[in-house]
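# Fold and contact review
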Amino acid sequence: MREQPDTTRVSTPTRNRRMEILHAAAELFAARGFHGASLEDIGGAVGVSGPAIYRHFPGKEALLAEMLLAISSDLREAAVTVVTAASGPQDALDRLLDTQITFALEQPALITVHDRELDNVPEPARRQIRRLQRLYVEEWVTVLAELHPGCPPPRLRAATHALFGLLNSTPHSAGELEPEAMRGLLRGMALSALVNIA
C-alpha cells in the first residue's frame, strides 16, 4: 500500500517562517523605527538573508501592512466571538477587557509599531486597518450602551478610545510588575474608569 504524501511538511515551515518574520519585524520596527530596520536586519533576526524576505513579502511596506492588518482583524474577530458567546453585557465587557489586556501584555511591540508607523502603510491597506479598528470600537460601544443606556454613543466612543489609551500603555508600564499583577492592575483601573462614563 502506497503512503499518501504529507503536505503539511511543505506548508508548515513556510507559514511558520512568515510568522517568524512578522514577529521579528515588529520587534525591530518597535526598537528602531520602520526606516531604521532594514530587510537585512529582519532577515538576520530569523536566520535568512534580506533578499530571502521577498519569498514571503513583496517588500518592507507590505510586511508592515500585513502585520497591522492581521492584528486589527484578529482583535475585531475576537471581539465578535466573545460578545456573541457572552451571557449578558457585563460578561461581554469582562471578556472584551480580557481580550484587550491579553493583547496589550503579549504584544507591546505591535502597539508601538501601530502608534508610530501607521502612516508608512500604503493607503489602501491603511484604510482597511482603520475600518477594522472602527468596527472593533463599535463592538465595545454596543456593549457599553447596554450597560449605560442613557449615555450618548459619541461619549461611549470617546470613553472606549480613552480606555484603549490606558490599556495600551504597556510598552511603557508593563515591565514594572509581573504579568499577572499587571493584568490585575489594568483590569481594576479599566473598571474604575468605566464607572464614570455616564
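Just so we're clear, the structure is a prediction, and the values are computed from it rather than from any experiment.

### Here's the deal with the layout of surface pockets
The calculated volume of the largest pocket comes to roughly 510 Å³. In this structure, the largest pocket is lined by 27 residues; those nearest its centre are L75, H114, Q133, F164 and N168. Among the elements of the structure, α3 (60-85), α4 (89-106), α5 (108-117), α6 (123-147), α7 (153-167) and α8 (170-173) are those that each provide at least two residues to the lining of the largest pocket. By residue number, the principal contributor to the lining of the largest pocket is α6, which donates seven residues. Along the lines of polarity and charge, the residues of the lining of the largest pocket split into eleven nonpolar, nine polar and seven charged. Computed from the structure, the second largest pocket encloses a volume of approximately 330 Å³. Taken together, R18, M19, L22, H23, A26, E66, M67, A70, I71, D74, Q107 and L110 make up the lining of the second largest pocket. At the level of secondary structure, the elements contributing two or more residues to the lining of the second largest pocket comprise α1 (8-32) and α3. Across the lining of the second largest pocket, the residue classes break down as seven nonpolar, two polar and three charged.

### Quick notes on the nonpolar core
The biggest cluster of nonpolar side chains holds 61 residues, and the ones touching the most others in it are F29, I42, L63 and M67. Counting residues per element, the ones that place at least two in this core are α1, α2 (39-46), α3, α4, α5, α6, α7 and α9 (179-195). No other element matches α3, which puts ten residues into this core. Setting aside residues up to four positions removed in sequence, F29 forms contacts with F34, A37, I42, K60, L63, L64, M67, V113, R116 and E117.

### Considering α6
With 25 residues, α6 should reach 36 Å at 1.5 Å per residue; the first-to-last C-alpha distance of 36 Å fits that figure. When we look at burial in α6, the residues that qualify are A125, R126, I129, L132, Y136, V137, E139, W140, V141, V143 and L144. Buried residues along α6 sit in contact with α3, α4, α7 and α9.

### Overview of the confidence of the model for the protein
For the protein, the mean per-residue pLDDT works out to 91, and 92% of the residues sit at or above 70. In the model, residues 1-12 has pLDDT below 50 throughout and makes one contact with residues more than four positions away in sequence or in other chains.

### Some details on the packing of aromatic side chains
Under the counting rule described, the total for this entry stands at four aromatic pairs. Look at Y136 and W140: their rings are 6.3 Å apart centre to centre, the planes differ by 80°, and that puts the pair in the edge-to-face class. In this pair, Y136 and W140 are both assigned in helix α6, four residues apart and thus about one turn of the helix distant. Neither Y136 nor W140 differs from the other in exposure class; each is buried. Look at Y136 and F164: their rings are 5.5 Å apart centre to centre, the planes differ by 10°, and that puts the pair in the stacked class. Residue Y136 is found in helix α6, and its partner F164 is found in helix α7; the two are separated by 28 residues along the sequence. Assigned by exposure class, Y136 and F164 land together as buried. An aromatic cluster of three or more residues is present, and its members are Y136, W140 and F164. Seen from the ring of F57, R18 lies directly overhead, with NZ or CZ sitting 4.4 Å from the centre. Against the face of F34 rests K60, its NZ or CZ located 4.5 Å from the ring centre.

Parameters and conventions
- Residues numbered from 1 in each chain as written.
- Predicted model: local features only at pLDDT ≥ 70, side-chain atom pairs only at ≥ 80, totals over all residues.
- Heavy atoms only, no water.
- 1 Å grid on protein atoms, 1.4 Å probe; cavity = no way out; pocket = protein on both sides within 12 Å on 5 of 7 lines; lining within 4 Å.
- Points joined across faces, edges and corners; volume = space filled by probe spheres on them.
- Helix = DSSP H or I, 4+ residues; strand = E, 2+ residues; numbered from the N terminus.
- Nonpolar A, V, L, I, M, F, W, Y, C, P; charged D, E, K, R; others polar.
- Core = buried A, V, L, I, M, F, W, Y, C linked by side-chain atoms within 4.5 Å.
- Buried < 20%, exposed > 50% of the residue type's maximum accessible area, 1.4 Å probe, protein only.
- Contact = heavy atoms within 4.5 Å.
- Expected span 1.5 Å × (residues − 1).
- pLDDT = per-residue confidence, 0-100.
- Phe/Tyr/Trp six-rings, centres within 6.5 Å; stacked < 30°, edge-to-face > 60°.
- Lys NZ or Arg CZ within 6 Å of the ring centre and 35° of its normal.

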